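Residues per chain, in single letters:
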Amino acid sequence: MDELAAKFREWRNDAFLAPEALDALATLAVRNPLARAETRSQLLRLTDADSRYLLVRAAKVIARLECLGFNTDVRTLLDRWADHEDDAVRAEARQQAAVLRLYDTLQREDLAGVRHGLKEARVAFARAELSEEDRLDARLFLAVIDLLLAYLAAMSSESSDASALRTQAQDLAALIANPMGRTWYGYASGSEALLEYRMYRIADGFARLTDAIQGAEEWTNFDEALVELAAVLRLMWDSGTTEGPSGLMGSLGALESRVVVPQLGPFLERVVGRVRLRRVIANHESRHGSDAQGAVLHRLYEATLAGEYAGGTPKGAEVQSQLDREVAAGPSPESLLLPIDHPSCYGNDPDVDEAVRPLLEAARARLGSDYSRPKWLRFVDVVVFVIQIVRDIRDILPDFALCEEGGGKGQRAGESDLQEHVFQRLREHYGRNVLYEPSRIGGGRGDIGVRFRECEIPIEIKAEYRDVSRSHVQANYVGQTDDYATARDRLALLLVLDVRAENAARHVVRRRAVRKAGQPDTPGFKLYSLHEAFWVTGLPVDPQIANAKENAVVVGLVQGNRVKPSSTTTYSSRPART
């Protein structure tokens, strides 16, 4: 920290090095209170005479630290720079001040305060957008705020017409997908790509929510429709369960409990009816237990009763708290799948993030910079969720991934077991967009298809009992999946269930049986990580075909025939008492 601070003072007048040193100090400040104090000190020493590049970076640093919950005591600098004579400094200060206003709004508990704050934040972002020629960031947040305001208006209306909400959701998705209105992907930072991914999830979630709302008066299968609605809410928000949400995007996620559910509950009571809604919840729990979607249905039901609690009284909070405790203690493995909010990570999980980022980089290189942005954004979302599925299989160990000595299927497991599991998880997440063995494509029939308006992504499932090396997978399985990708949108996924005998070699019972039979030990290997299990590949293009382009096939290994960690330990015998 001392070295960084000394270099910042040395480079104070350098247009490039000074902003970078300040940014490095701010990065360290997130974890180090001494660096936090030094960053604050250096920010307070800035004057209007400093370079425009340093002041622009300083405005970003102030908003970043404040949105992470650190009080810098220098917000007044943004107000001062909002009238700076330099256009770039003035525009950035107004943008970051608007971000902080939105962040403060999303911390409020009362719905009226949230609505009023959103309108004020909208004015602030509109001012920031007009301050400079190209402020895509301001336009993005304007679109998000318009979407939230349209939602609040639709829910407070006596009508089920949600056309304005659908229009706003489409506008946000179109803004994100527009290749002409943003940084070239080769220059975009990882944080920009992650923000784009989360914004697109919000737009898609609201679009699906609109479909459910508009058809509410004609619902006949209430169980399926409302569970789908609960899945939409889970898709939209990445709320934490054991770690509080942090940052601006974490605050957007917190709107599930503060804005979305409280408003949606009374709407459902008007259109569906409280008794029927309660029956839907009972039917869902009889089939699935106390799973995560059931928890969302409970929240919707409690929201329909909110008017009976005087002024949103503590009784409502007490009931909600009790419901959360019951869901958390439920026997269903799904209760373990509620996301932990890591706003800077794809999938809210560092392990998933570590696997996703190199895949996206490799896939983008194969598809090219001119590949359709709407298709790319759908592809990113599906890849992230599939990796989450593989992570959960590794953590929960369903019977098809467990060795026979541990009570599982072992090498009796086949591709149909993994196919059914993946299909069920995808169907819960994407609803009717997921098809089981869809119509023929490229002369064959894929195992699973995820079909959106923008694109279709085939997912092929295989089981391998001897060799899962990349060369073997490439020679034996990739060709079929690559053909499906060519027949659709140059995108596909291939999951290979790894059920080799050596996966179970570390089991204590198996080791004893091998030694008793006088057979040589099969070496046992460590559990491979998500990062090691996934890669991007595809077939080479035909050199005689002009302008031929490669496909992006994401390959993932799902380790089966596994041993429970506790079954690999051999305990020493307790000494006999003398």
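Worth saying up front: this structure is predicted, and the values here are computed from it rather than measured.

Attention now goes to the overall build of the protein. When you go through the protein residue by residue, the secondary structure sums to 23 helices and 6 strands. Taken across its 578 residues, the protein has 52% of its residues classed as buried. In the protein, the share of contacts with a sequence separation of at least 24, taken over all contacts with a separation of at least 6, comes to 69%.

As a further point, take the nonpolar core. Ranked by internal contacts, the top residues of the largest apolar core, which has 77 residues, are Leu43, Trp81, Tyr151 and Phe206. The greatest single-element share of this core, amounting to 15 residues, is contributed by helix H8 (residues 136-156). Counting 65 residues, the second-largest nonpolar core is a separate cluster that includes Cys455, Val468, Val478 and Leu493.

Turning next to the confidence of the model for the protein. The predicted model of the protein has a mean per-residue pLDDT of 81, with 79% of residues at 70 or higher. Across residues 238-246 the pLDDT falls below 50, and counting only partners more than four positions away or on other chains, this stretch makes 23 contacts in the model. In the predicted structure, residues 309-317 sits below a pLDDT of 50 and forms 4 contacts with residues beyond four places in sequence or in another chain.

This part takes up the side chain of Arg94. Relative to the helices and strands, Arg94 resides in helix H6 (residues 87-106). Beyond its immediate sequence surroundings of up to four residues, Arg94 is in contact with Ala82, Asp83, Ala124, Arg127, Ala128 and Ser131.

Attention now goes to the packing of aromatic side chains. Summed over all chains, the structure comprises 7 aromatic pairs. Taken together, a centroid distance of 5.1 Å and an interplanar angle of 50° make the contact between Tyr197 and Tyr346 tilted. In this pair, Tyr197 is assigned in helix H10 (residues 190-214) and Tyr346 in the loop between helix H16 (314-328) and helix H17 (350-367), connecting sequence segments 149 residues apart. Residue classification places Tyr197 among the buried residues on the basis of a relative accessible area of 6%. An angle of 85° between the planes, with centres 6.0 Å apart, marks the rings of Phe385 and Tyr430 as edge-to-face. Taken together, the positions of Phe385 in helix H18 (residues 373-396) and Tyr430 in helix H19 (residues 415-430) put the pair 45 residues apart, joining distant regions of the chain.

Per the stated rule, a full pass over the model turns up 38 salt bridges. The salt bridge involving Asp48 is made with Arg80; its shortest N-O contact spans 3.5 Å. Of this pair, Asp48 sits in the loop between helix H3 (33-44) and helix H4 (52-67) while Arg80 sits in helix H5 (residues 75-81), and the two are 32 residues apart along the sequence. The exposure class of Arg80 is partly exposed, given its relative accessible area of 40%.

So, about the sheet that holds strand E6 (residues 552-559). Spatial strand order, E1-E2-E3-E4-E6-E5: 6 strands in an open sheet with mixed pairing. Across the chains shown, the open sheet's two edge strands, defined by having one partner strand only, are strand E1 (434-436) and strand E5 (534-537). In this sheet, adjacent strand axes meet at a mean angle of 20° when their direction is disregarded. Note that strand E2 (residues 448-451) and strand E3 (residues 456-464) share 4 bridges and pair antiparallel. Note that in E3 the partner of Val450 across the bridge is Ile457. Strands in contact with H19 are E1, E2, E3, strand E4 (491-498) and E6; relative to E1, the strand with the most contacts, it is inclined by about 155°. Lying over the sheet, helix H21 (residues 478-487) contacts E3, E4, E5 and E6, oriented at roughly 155° with respect to E4.

Each value, and the rule that gives it
Residues numbered from 1 in each chain as written. Predicted model: local features only at pLDDT ≥ 70, side-chain atom pairs only at ≥ 80, totals over all residues. Heavy atoms only, no water. Helix = DSSP H or I, 4+ residues; strand = E, 2+ residues; numbered from the N terminus. Buried < 20%, exposed > 50% of the residue type's maximum accessible area, 1.4 Å probe, protein only. Contact = heavy atoms within 4.5 Å. Core = buried A, V, L, I, M, F, W, Y, C linked by side-chain atoms within 4.5 Å. pLDDT = per-residue confidence, 0-100. Phe/Tyr/Trp six-rings, centres within 6.5 Å; stacked < 30°, edge-to-face > 60°. Salt bridge = Lys/Arg side-chain N within 4 Å of Asp/Glu carboxyl O. Pairing = 2+ DSSP bridges. Axes fitted to C-alpha atoms, helices over the stretch in contact; angles between N-to-C directions.

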